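One-letter residues, chain by chain:
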Amino acid sequence: MAKRKGAVSTDVGPRADPADASVEDALTLGDALRAAREASGRSLAELSTQTRVHTRYLTAIEQNDFSILPNRVFSIGYVRSYAAALGLDEQTAVERFKRESPDPTVPLQAPSGIAYEDVKRNSGRLAVVGGILLVAVVGWNIFQRVNLVQAPRPSDIAQVPPNWTTEKALDKTGLRLAPPEPAPADQTVPQLYVTPGLEMQMTGIAAPTPEQLAAEAASAQPVRKAFNPRGALYGAPATASQVVIQATRSANIVVRLPDGRILFARQLNAGDAWRAPIGLSATLDVSEPAAFDVYINGEFAGAMPALQVPLGQFNARAEAQLRQAAAETAARVQQAQQASQARAAAQPRPTAVPATAPVPAPPAR
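Cut-offs and rules
- Residues numbered from 1 in each chain as written.
- Predicted model: local features only at pLDDT ≥ 70, side-chain atom pairs only at ≥ 80, totals over all residues.
- Heavy atoms only, no water.
- Salt bridge = Lys/Arg side-chain N within 4 Å of Asp/Glu carboxyl O.
- Helix = DSSP H or I, 4+ residues; strand = E, 2+ residues; numbered from the N terminus.
- Buried < 20%, exposed > 50% of the residue type's maximum accessible area, 1.4 Å probe, protein only.
- Phe/Tyr/Trp six-rings, centres within 6.5 Å; stacked < 30°, edge-to-face > 60°.
- pLDDT = per-residue confidence, 0-100.
- Contact = heavy atoms within 4.5 Å.
- Pairing = 2+ DSSP bridges.
- Axes fitted to C-alpha atoms, helices over the stretch in contact; angles between N-to-C directions.

Engineer: Help me understand the pattern of salt bridges in this model?
Structural biologist: Oppositely charged side chains can form a pair if their charged atoms are brought close together. One pass over the full model with this rule turns up six salt bridges. Between Asp 31 and Arg 34 there is a salt bridge, and its shortest N-O distance comes to 2.7 Å. One end of the pair, Asp 31, and the other, Arg 34, are both in helix α2 (residues 29-40), three residues apart, so they sit about a helical turn from each other. Among the ionic pairs, Arg 261 bridges to Asp 259, the shortest N-O distance being 2.8 Å. In this structure Arg 261 comes out as exposed when scored by relative accessible area, which is 54%.

Below is the structure:
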């Protein structure tokens, strides 16, 4: 196909798509787009609405005035949308736009490399040379490996010892392993020795006997669940409170004073707790008794018994428990002291040793 004035060569082989032919056969890209628009009978305003491209840019593309178009990325997008709206091949239109409006930001480069015809003409020679080099490298490696292999030679030992020849000789020389011996006994830590009477001399209280320890363990009450703060804590500090109300699930609690005033009112979440001051006279009003646990002196005392409970009831139980614990401790101490005194009285007293006259020193010579 002969070259036209103002356009580069478009001889790219046979074309099967009529849309490609209409874009390539026109004098310019703008002529092809304008001819396609006029053949479709649509105006620039209609195509602008369809492609969402301003009519000024569509007119510039038809007139090949690419200087007023925005940057190159948007310009290529406008050409692609315009060609698609007219039923033309989008890629062919974009390629022609790139040829007619080259990117000025890409500098021209000098041609480099070799022509495709030269490569095709010399491909046979290059293949032969490559094969020769490959055979040479493989042959050189094989030659080096063959030279490194040493021929077998006899052992340097002049004579093999007779006890190395048969298993019977090994049995005679006693080289067999003996059966495994049992593991040594584990070491044990000796029991700590306590000097008799030392504890009584230092503290005044004798150490309890095994019988006393067994009796105390049998009479001891089971340990109840202790208070575990798992959320926010309200009310008095821990050192000034004996009664704690803890919520097991979300519920409301109101603490009312005897004159009707509200001391504390809040919806407690699961794990939140309120500490009651010592000696406070108030009434606990809860929305759900089963949602609150009561702890007295740090130990679980059951769930809230009713919707409204006097706080003095819990304070009285706390004081009674403290008095009982103090009395039990005093009784145990007194009992231990009496037992120590009884054992000390039962022990025989040491007899007095008569004083002996001093031995005179030998006379000096």
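Engineer: Before we go on, may I ask you to explain the packing of aromatic side chains in this structure?
Structural biologist: Two numbers describe a pair of aromatic rings. These are the distance of the centres and the angle of the planes. On inspection of all chains with the given rule, the structure shows seven aromatic pairs. Taking the centre distance of 5.4 Å and the plane angle of 15 degrees together, the rings of Tyr 57 and Tyr 78 count as stacked. Highlighted residues: Tyr 57 in helix α4 (residues 55-62) and Tyr 78 in helix α5 (residues 72-85), separated in sequence by 21 residues. Accessibility classification places Tyr 57 together with Tyr 78 in one group, the buried group. Judged by centre distance (6.1 Å) and plane angle (35 degrees), the ring pair of Trp 140 and Phe 143 falls under tilted. Of the two residues, Trp 140 and Phe 143 are both situated in helix α7 (residues 116-148); the distance of three residues between them amounts to about one turn of the helix.

Engineer: Explanation requested: the confidence of the model for the protein in the structure shown.
Structural biologist: Segments scoring low in pLDDT should not have their predicted coordinates read at a detailed level. Taken over all residues, the pLDDT of the protein has a mean of 78, while the share at 70 or more is 73%. Below pLDDT 50 for its whole length, residues 1-17 participates in 19 contacts with residues either more than four positions away or in separate chains.

Engineer: Quick question: what am I supposed to make of the sheet that holds strand β6 (residues 283-286) here?
Structural biologist: Sheet strands pair by backbone hydrogen bonding; their relative direction is either parallel or antiparallel. If you trace the four strands from one edge of the open sheet to the other, you get β4-β3-β6-β9, paired in antiparallel fashion. Of all strands in the sheet, those with a lone pairing partner are β4 (262-268) and β9 (308-310), marking the two edges. Ignoring strand direction, the axes of neighbouring strands in this sheet form an average angle of 15 degrees. Inspection of the sheet shows β6 paired to β9 by three bridges, in the antiparallel sense. From the neighbouring strand, Leu 284 faces β9, where its bridge partner is Val 309. Against the sheet, helix α11 (residues 311-346) touches β6 and β9, its axis set at about 45 degrees to β9.

Engineer: Quick question: what am I supposed to make of the sheet that holds strand β7 (residues 292-296) here?
Structural biologist: The strand order across the open sheet formed by five strands is β1-β5-β2-β7-β8, and the pairing between neighbours is mixed. Single-partner strands in this sheet number two, and they are β1 (233-235) and β8 (299-303). Direction aside, neighbouring strands of the sheet carry axes that sit 25 degrees apart on average. Where strand β2 (residues 241-247) meets strand β5 (residues 273-277), five bridges bridge the pair, whose relative direction is antiparallel. Paired with Val 244 across the two strands is Arg 275, which belongs to β5. Each of β2, β5, β7 and β8 touches α11; the most contacted strand, β2, lies at about 125 degrees to it.

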